[in-house]
Amino acid sequence: MTSPKALIFDIDGTLWDSVALVGEGYNLQLIDDGHPELCISEARLRSLFGKTMAELADGMLYGLPKEQRMEQMERCMDREMVHLWESPCNIGYPKVKETLAALSEKRNLYIVSNSQRGYPEVCIEKLGLTPYIRGHLCFGDTGAAKSVTIRTLMEKYHIESAAYVGDIQGDCDSAHAAGIPFIWAAYGFGDVKDYEAKIDRFEDLLSLFEH
């Protein structure tokens, strides 16, 4: 893999592990809305992370009629955001801030996530990444597949050379569909095939690009 001029990062399973906090927010809203039977376990939610909001709603709220799922999902996500903002969010993987600070000296850094609007911002703010991230897009912005969101971000910021850093096969497939190489964060949520490079710790990105 040639050394890219830009790195684009996934969030969940790559920069931080917010599953427990997100699940708490979802479950608080489900209880308030009279649906305690729909409360989701951390293990179940972890298996769904990385999917689009519509896919997450179907996987999590299958006990509701399909036409009601997105409305309930939106309420859960609103509560999730409040819960994350109120939490100190000590959930970043080790050395994320330090590594991004070093990488930003020679490369432009971005985020693309399958999340709702506002989620990249809370991650950036809580992890102290504002000086290092030049831009971000998410599913909530584009309503499109992650590969399309990656290409949209690249066009928006005139990025000609990039690699995507993520942790699940869907991230890998999206990067390749967008025409860029994939770096697998093997410490994250999933197993991946056909990656161009692999990191076992976030700070491994530094040694990866020294050569």
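Here the structure is shown first, and the text comes after it.
The text that follows walks through the structure, step by step, so that each part is easy to find. (Residues numbered from 1 in each chain as written. Predicted model: local features only at pLDDT ≥ 70, side-chain atom pairs only at ≥ 80, totals over all residues. Heavy atoms only, no water.)

## Considerations on the layout of surface pockets
To keep things clear, this is the line we draw: In this analysis, the protein atoms alone were mapped onto a 1 Å grid. Cavities are point sets where a 1.4 Å probe fits without being able to get out; pockets are open sets with protein on both sides within 12 Å along at least five of seven lines; lining residues have an atom within 4 Å of a point. Grid points are joined across faces, edges and corners, and a volume is the space filled by probe spheres set on the points. Helix and strand assignments come from DSSP, with helices taken as H or I runs of at least 4 residues and strands as E runs of at least 2, each series counted from the N terminus.
Volume-wise, the largest pocket comes out at about 150 Å³. Every element with two or more residues in the lining of the largest pocket is listed here: α5 (96-103) and α10 (204-208).

## Some words on unusual backbone geometry
Our working rule: Throughout, exposure labels follow a simple rule: accessible area from a 1.4 Å probe, protein chains only, divided by the maximum for the residue type, with under 20% read as buried, over 50% as exposed, and the rest as partly exposed.
Positive phi, close to 55 degrees, is recorded for C89, a residue that is not glycine. Along the polypeptide, C89 turns up in the loop between α4 (66-86) and α5. Even without glycine at this site, D194 takes up a positive phi of about 65 degrees. Its place among the elements puts D194 in the loop between β5 (182-185) and β6 (197-199). What makes D194 exposed here is its relative accessible area of 61%.

## What about the sheet that holds strand β1 (residues 6-9)?
The criterion, for reference: Between any two strands, pairing holds if DSSP finds at least two bridges. Working convention: axes come from line fits to C-alpha atoms, limited for helices to the stretch in contact. Angles between N-to-C directions cover 0 to 180 degrees. Note on contacts: a residue pair is in contact if any heavy atoms of the two residues lie within 4.5 Å.
Judged by pairing direction, the sheet is parallel, and its 6 strands sit side by side in the order β3-β2-β1-β4-β5-β6 without closing on themselves. Looking along the sheet, the strands with just one partner apiece sit at the ends: β3 (133-138) and β6. In this sheet, neighbouring strand axes are inclined to one another by 25 degrees on average, regardless of whether the strands run parallel or antiparallel. Pairing geometry for β1 and strand β4 (residues 162-166), over 4 bridges, is parallel. Looking at the pairing, A6 lines up with A162 of β4. The strands touched by α5 are β1, β2 (108-113) and β3; relative to β1, the strand with the most contacts, the crossing angle is about 155 degrees. Lying on the sheet, helix α9 (residues 169-177) is in contact with β4 and β5; it crosses β5 at an angle near 170 degrees.

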